[in-house]
Amino acid sequence: MNPVLYARISADYPNRPGVLEDVEFAIGRGEILGLVGESGSGKSTIAMTLLRLIESKGGKARGELLFQDRNLLALPGRKMRRVRGREIGLVLQSPLSALNPSLRIGAQILEAWRAHRQGSPDLLQLLEMVNLPPEPGFLNRYPRQLSVGQAQRVLIAMAVIHRPALLIADEPTSALDVVTQAEILRLFSSLNRQMGTSILYISHDLLSVASFCHRIAILQQGRIVEANTTAEIFRNPQHPYTQALLAAIPKPPNCLETTTDCPSLAWSETINQAVDDGQYRAKDSLVCASRS
Amino acid sequence: MKAIPAILLALLLIVSLVHGGSYSSQHRESIDAPPSWRFPLGTDDLGRDRFVRLLDATRISVLFAGAAAFAATLLASLAGGIAGYTGGWFDHMVVRTIDVLLSLPSLFLLLVTRALMPLNISPVLSLLVTYALMAAMGWLSPARVIRAGVRSFFDSEYVLQARAEGCSEARILVRHILPNLRPILLAQFWTSVPVFILTEASLGFLGLSAGEPFPTWGSLLHELQNPLMARPEAFAPIVAIALCVCCFKRITPWRVSQI
């Protein structure tokens, strides 16, 4: 089966050429691909390049970007605009600054809808889908009246409003506390199962990526140095950088002898389960771990 | 307490709209008269009722300063908005032009331009020219503020988000930039009005505002060319100006915090 997206891209900014060098990856239908890398490795540039938003920042993308049998890099601007939001959704990193401070939540969500369609969708049902209170009062709020976690859910609602084939999440949980983070990860996972949306999940946190991604690609200095299934990455890391990332996962020294009450121990079990039986059980235990 | 200047100014404006006196009619029998029931602020050396002239000056000064502030803000938002939006060479050009114009002494420019006008232009025209000149010079600093605002909005995450949603540029401008620009535009407008009122007062004191017999706050001050010899009631326009500027200075932070 054809992948939803196949990318072999390079990207340059005027003052920083070679931000991405021949980065090659594919995302299958219904697959969650985790993209892990340190700050400055080009993670966000990948998100910007896939939507060709890099152009509005003065950058330029080269290479091949096949999305549902079209080369996005060759599309005229007007057609590319029809792809953004409708076929590829984006969730940004800092939820509160990604929402327009002077627009009410309802108006904001409607904007996302009207960018491509007439009329209005069932907003309350949409709120329910992302576990927000399905009340008209919520839609009347301004972004400053939301918590960060709620704002992130609003952004996710806006990103999936057109049921895109691909959802790109650019470090969507880095501004959140651990509990909210686990809830958001669970939300991504359930959206993936319910709507069959493929997800490109970009993060610097290998552990959270491992908790729910099917495959992981490791990015270092604008190149993908290793890509494999989650289990293989953990069982058999090839590249020194991957090994360093794994070694950097904190190990709890004084909880090892106690029982599973210890959250940190459950965290380390998360890794084991990811290795042993795939992501879903691992995800659940991650949620338990954060809640306990 | 806070509302007192505003109430006084509103009273002055209302009375100026309904009173029946004429700013140009002369009372030859009582020239340079002291304050009385008939003439609360006395008469000037041409026998004109100072109080009636002050009322009409209030209406004219506030109205024209408001209009000039509106024109200046409009100019500023066009120049600053387009420069901030397009960026590139146009932006560069606008910024440089504003920098150069702002580095010239503005009062000097105003005086020279106004003084170069022929002396025999009609009073209405002189009034219009005075305020048009102020608007033509008053848009510079607001334009800089607006340009900076527009730039930062276009670099913001929520505009990136809107682009990622597939919003068109026109939609981004109308739905995302303008609502955020509104408080900036209002602030520029409300701060420009008192600046123009004060500038007109300075010009008028030097006799370069509206021509006779038109009363503006500035032209009424012309009577004070020799302040030591003037009657105390002739200082009334200064009180009105201070009152009005006070009101507008109050409005600005209040209006902006409302949004």
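Residues numbered from 1 in each chain as written. Chains lettered and ligands numbered in written order. Predicted model: local features only at pLDDT ≥ 70, side-chain atom pairs only at ≥ 80, totals over all residues. Heavy atoms only, no water.

Chemist: Now, about the packing of helix α2 (residues 50-86) of chain B against helix α8 (residues 169-205) of chain B: what can you tell me, with residues and values included?
Modeler: All names here are of chain B. Between α2 and α8, the shortest axis-to-axis distance is 7 Å and the interhelical angle comes to 140°. Taken together, the axis directions place α2 and α8 in an arrangement best described as oblique. As α2 packs across α8, the resulting crossing turns out to be right-handed. Every residue of α8 that contacts α2 at S61, A65, G66, A68, A69, F70, A72, T73, S77 and Y85 is listed here: E169, L173, L185, Q188, F189, S192, V193, F196, I197 and E200. A per-class count over the contact of α2 with α8 returns 12 nonpolar, six polar and two charged. (Axes fitted to C-alpha atoms, helices over the stretch in contact; angles between N-to-C directions. Helix = DSSP H or I, 4+ residues; strand = E, 2+ residues; numbered from the N terminus. Parallel < 35°, antiparallel > 145°, perpendicular 65-115°, else oblique. Left-handed = near helix turned anticlockwise from the far one by under 90°. Contact = heavy atoms within 4.5 Å. Nonpolar A, V, L, I, M, F, W, Y, C, P; charged D, E, K, R; others polar.)

Chemist: Describe the packing of helix α5 (residues 123-138) of chain B against α8(B), naming the residues involved and giving the relevant values.
Modeler: Residues and elements named next belong to chain B. Two elements in contact, α5 and α8, have axes whose closest approach is 11 Å; the angle formed by their N-to-C orientations is 130°. On the basis of their axis angle, the class for α5 and α8 is oblique. Helix-helix and strand crossings are classified by hand; for α5 and α8 the assignment is right-handed. Note on element contacts: α8 touches α5 through F196, T199, E200 and L203, opposite T130, Y131, M134, A135 and G138. Its residues assigned to classes, the contact of α5 with α8 comprises five nonpolar, three polar and one charged.

Chemist: Help me get a handle on the nonpolar core, residues and values and all.
Modeler: Grouped together as the largest cluster of nonpolar side chains are 91 residues, with contacts concentrated most on L5(A), F25(A), L50(A), I109(A), I168(A), F188(A) and L200(A). In terms of residue count, the dominant contributor to this core is helix α7 (residues 148-160) of chain A (eight residues). In this view, I109(A) contacts L123(A), L126(A), L127(A), L139(A), V154(A), M158(A) and I161(A); residues no more than four positions away in its chain are not counted. Counting residues in each nonpolar core, the second largest holds 61 residues, with L41(B), L54(B), A76(B) and L208(B) among its members. (Core = buried A, V, L, I, M, F, W, Y, C linked by side-chain atoms within 4.5 Å. Buried < 20%, exposed > 50% of the residue type's maximum accessible area, 1.4 Å probe, protein only.)

Chemist: Describe the sheet that holds strand β5 (residues 70-71) of chain A, and please don't skip the residues or the numbers.
Modeler: Residue and element names in this part refer to chain A. The four strands lie next to each other as β2-β1-β4-β5, forming an open sheet whose pairing is antiparallel. Strand pairing shows two members of the sheet lacking a second neighbour, β2 (16-27) and β5, which therefore form its edges. Here strand β1 (residues 5-13) runs beside strand β4 (residues 60-67); their pairing, made up of eight bridges, is antiparallel. In the sheet register, I9 faces β4, and the bridge partner there is G63. (Pairing = 2+ DSSP bridges.)

Chemist: How would you summarise the environment of G34(A) if you had to cite specific residues and measurements?
Modeler: Residues and elements named next belong to chain A. Here G34 lies in strand β3 (residues 32-37). The exposure class assigned to G34 is buried, which follows from its relative accessible area of 0%. Linking G34 and I218, residues 184 residues apart in sequence, is a C-alpha distance of 8.4 Å. Discounting chain neighbours no more than four positions away, the residues touching G34 are Y201, V209, C213, R215, I216 and A217.

Chemist: Just give me the short version of the pairing of β4(A), but keep the residues and values in it.
Modeler: All names here are of chain A. Direction of pairing for β4 relative to β5: antiparallel, over a ladder of two bridges. Residue pairing across strands places L66 opposite N71, the latter belonging to β5. From the end of β4 to the start of β5, which pair antiparallel, there are two residues, and Q68 there has a positive phi angle of about 45°.

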